[in-house]
Amino acid sequence: MLLCKFCNQERKNSNSLRNHERLCKSNPQRDISYFETDTSKLKKTGRPGTNQYIKAKELGLPKPILSDETRKKMSDGSKNRAWTDERRK
């Protein structure tokens, strides 16, 4: 029986225990999961999680401008997709 030293949850094996303790919400020095949506925590860890719009806003720069040609390519690409019922699910 393997117990988490932070929350006392039982784990099946040592690998499961290590991964749980690393991400345990009771661990004050836990790793932040990429699946968490709070971007302020991601910024504290220094992990990438930004795009050109977020970077421009943080640096006080104007939003990046896409050319009409690029906008048209993106629009055409999304319009020409073949959507099936299976793909929609």
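Given the structure is predicted, the values throughout are model-derived calculations rather than measurements.

Bringing the overall build of the chain into the picture now. In terms of helices and strands, the chain carries five helices and two strands. In the chain, the order of α-helices and β-strands from amino to carboxyl end is β-β-α-α-α-α-α. Within the chain, the fraction of its 89 residues that count as buried is 13%. A separation threshold of at least 6 residues defines the contact pool for the chain, and within that pool the share at least 24 residues apart is 0%. Approximately 8100 Å² of the chain is accessible, and the part contributed by carbon and sulfur atoms is 51%.

It is worth spelling out the pattern of salt bridges at this point. For the coordinates displayed, the defined rule picks out three salt bridges. Between Glu 69 and Lys 73 there is a salt bridge whose closest N-O contact spans 3.5 Å. A residue pair is termed a helical-turn pair when its members lie 3 or 4 positions apart in one helix, as Glu 69 and Lys 73 do in helix 4 (residues 68-79) at four residues. Here Glu 69 matches Lys 73 in class, with each residue exposed. Lys 72 serves as the salt-bridge partner of Asp 76, at 3.0 Å between the closest nitrogen and oxygen. Remark: Lys 72 and Asp 76 occur in helix 4; sequence separation between them is four residues, near one turn of the helix. Overall, Lys 72 belongs to the exposed group, its relative accessible area being 52%.

This brings us to helix 1 (residues 14-23). Within the span of helix 1, buried status applies to Leu 17, His 20 and Glu 21. Each buried residue of helix 1 sits inside an arc of 95° when the element is viewed along its axis, so together they form one side. Buried residues along helix 1 sit against strand 1 (2-3) and strand 2 (10-11). Of the residues flanking the start of helix 1, the one acting as N-cap is Asn 13, its side-chain oxygen 3.2 Å from the backbone nitrogen of Asn 15.

Across all of its chains, the model carries zero disulfides by this definition. Looking at Cys 7, it has no disulfide partner, and the nearest cysteine sulfur is the one in Cys 4, 3.7 Å off. Free cysteine: Cys 24, not disulfide-bonded; nearest cysteine sulfur from Cys 7 at 3.7 Å.

Note on placement: His 20 falls in helix 1. The contacts of His 20, once residues within four sequence positions are left out, are Cys 4, Cys 7, Gln 9 and Arg 11.

The subject of this paragraph is helix 4. Helix length check: helix 4 (12 residues) gives 16 Å between terminal C-alpha atoms against 16 Å at 1.5 Å per residue, within 8%. The buried count for helix 4 comes to zero of 12 residues, which makes it a mostly uncovered element.

Rules and cut-offs
- Residues numbered from 1 in each chain as written.
- Predicted model: local features only at pLDDT ≥ 70, side-chain atom pairs only at ≥ 80, totals over all residues.
- Heavy atoms only, no water.
- Helix = DSSP H or I, 4+ residues; strand = E, 2+ residues; numbered from the N terminus.
- Buried < 20%, exposed > 50% of the residue type's maximum accessible area, 1.4 Å probe, protein only.
- Contact = heavy atoms within 4.5 Å.
- Areas by Shrake-Rupley, 256 points an atom, 1.4 Å probe, with all protein chains shown as cover.
- Salt bridge = Lys/Arg side-chain N within 4 Å of Asp/Glu carboxyl O.
- Arc of directions from axis to C-beta.
- Polar contact = N/O pair within 3.5 Å; in protein donor to acceptor, adjacent residues only side chain to side chain.
- Disulfide = S-S within 2.5 Å.
- Expected span 1.5 Å × (residues − 1).

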